[in-house]
Amino acid sequence: MIGKEANAYAAGLFKLASESDKVASFQEEVKEVRETLWDNPSLLGYLSSYTLPEESQYALVEKVFGHLKNKEIPAFVRLLVMKHEIIHIELIAEAFNKLANDYRGIKEGIIYSAEPLSKEEVEKIEKSMQKRLGFAVELDNRIDHKLIGGVKVFVDDKVFDSTILGKVERMRSDLLK
């Protein structure tokens, strides 16, 4: 699937979400679907199979995602299974997330750390950035082992560096002046 098709699926789902005033809840549930499928490659493989009966695939979608509050989300997953596009859920979810964040006024950023951060740690840093910048922020945690410790945050063309490596480099620069 090229990005154009992923964007089309995302735009269709976004239109449904915005017309029903459920953008935030759709966004959370699309994220849950993406994470569930990403964390379970065998599930994704089963749902993307061309040889397995569609009815058993649909039943599995209902079993795994039937608990979601917005019934449109499992229906959307079934559509992706039917069209054999579920394998591209990562691209579709990413495109939907961008549309939803733009709609909700949330800026996207990256937080680099030496080790993976917990969901709670990321949320705490997002709240801190929101207070500092004056707008909501959603951060994607990426690992950079060179940092040793601390975090480096990139949001809206701004860099906030509280890493040990960054402090050492600033001290070095100050000493060389």
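It should be noted that the structure appears before, not after, this text.
Throughout what follows, the structure given in this document is the object of discussion. (Residues numbered from 1 in each chain as written. Predicted model: local features only at pLDDT ≥ 70, side-chain atom pairs only at ≥ 80, totals over all residues. Heavy atoms only, no water.)

Details of the pattern of salt bridges
Right, so step 1: By the definition in use, this model includes nine salt bridges.
Right, so step 2: Between Lys98 and Glu108 there is a salt bridge; the shortest N-O distance is 3.5 Å. Of this pair, Lys98 sits in helix α6 (residues 89–104) while Glu108 sits in strand β1 (residues 107–113), and the two are 10 residues apart along the sequence.
Right, so step 3: The class for Glu108 is partly exposed, based on a relative accessible area of 34%.
Right, so step 4: Salt bridges sharing common partners tie together Arg34, Glu35 and Glu90. (Salt bridge = Lys/Arg side-chain N within 4 Å of Asp/Glu carboxyl O. Helix = DSSP H or I, 4+ residues; strand = E, 2+ residues; numbered from the N terminus. Buried < 20%, exposed > 50% of the residue type's maximum accessible area, 1.4 Å probe, protein only.)

Considering unusual backbone geometry
Right, so step 1: At His84, a position not held by glycine, the phi torsion is positive, near 55°.
Right, so step 2: With a phi angle near 65°, Asp157 is a residue other than glycine that sits in the positive phi range.
Right, so step 3: Among the structural elements, Asp157 can be located in the loop between β3 (151–155) and β4 (158–161).
Right, so step 4: Take Asp157: its relative accessible area is 85%, and that puts it in the exposed class.

Overview of helix α2 (residues 23–39)
For the α-helix, the turn length of 3.6 residues means that residues three or four positions removed from each other point alike.
Right, so step 1: An ideal rise of 1.5 Å per residue puts 24 Å on 17 residues; α2 measures up with 24 Å between its terminal C-alpha atoms.
Right, so step 2: The complete set of buried residues in α2 reads Val23, Ser25, Phe26, Gln27, Glu29, Val30, Val33, Thr36 and Leu37.
Right, so step 3: Those residues of α2 hidden inside the fold are in contact with α1 (3–19), α3 (41–47), α4 (54–65), α5 (72–82), α6 and β2 (137–143). (Expected span 1.5 Å × (residues − 1). Contact = heavy atoms within 4.5 Å.)

As for the nonpolar core
Right, so step 1: Ranked by size, the top nonpolar core spans 30 residues in total, and within it Val33, Leu37, Ile86 and Phe96 carry the most contacts.
Right, so step 2: Elements supplying a minimum of two residues to this core: α1, α2, α3, α4, α5 and α6.
Right, so step 3: Leaving out residues up to four positions away in the same chain, Leu37 has contacts with Leu43, Leu44, Leu47, Phe65, Ile86 and Ile89.
Right, so step 4: By size, the runner-up hydrophobic cluster in this structure holds 11 residues, among which are Ile111, Val122, Leu133 and Val137. (Core = buried A, V, L, I, M, F, W, Y, C linked by side-chain atoms within 4.5 Å.)

Considerations on the packing of α4 against α5
Right, so step 1: Where α4 contacts α5, the axes come no closer than 10 Å and their chain directions differ by 150°. One finds that α4 runs roughly antiparallel with respect to α5. For the pair α4 and α5, the crossing hand works out as right-handed. When α4 is examined against α5, the residues Glu54, Gln57, Tyr58, Val61, Glu62 and Phe65 are found in contact with a partner set consisting of Pro74, Val77, Arg78, Val81 and Met82.
Right, so step 2: Split by residue class, the contact of α4 with α5 holds seven nonpolar, one polar and three charged. (Axes fitted to C-alpha atoms, helices over the stretch in contact; angles between N-to-C directions. Parallel < 35°, antiparallel > 145°, perpendicular 65-115°, else oblique. Left-handed = near helix turned anticlockwise from the far one by under 90°. Nonpolar A, V, L, I, M, F, W, Y, C, P; charged D, E, K, R; others polar.)

Here's the deal with α5
Right, so step 1: Here α5 has its buried residues at Ile73, Pro74, Phe76, Val77, Leu80 and Val81. Viewed end-on, α5 has its buried residues packed into an arc of 155°, placing them on one side of the element.
Right, so step 2: Looking at the buried positions of α5, the neighbouring elements they touch are α1, α2, α3, α4 and α6.
Right, so step 3: Following α5 by one or two positions, His84 adopts a phi angle in the positive range, close to 55°. (Arc of directions from axis to C-beta.)

Structural notes on the side chain of Glu29
Right, so step 1: With respect to the helices and strands, the residue Glu29 is situated in helix α2.
Right, so step 2: Lacking a salt bridge, the buried Glu29 has Lys69 as its closest oppositely charged neighbour, with an N-O distance of 5.7 Å.
Right, so step 3: If we skip the residues at most four places from it in the chain, Glu29 touches Leu68, Lys69, Asn70 and Ile73. (Lys, Arg positive; Asp, Glu negative; His and termini not counted.)

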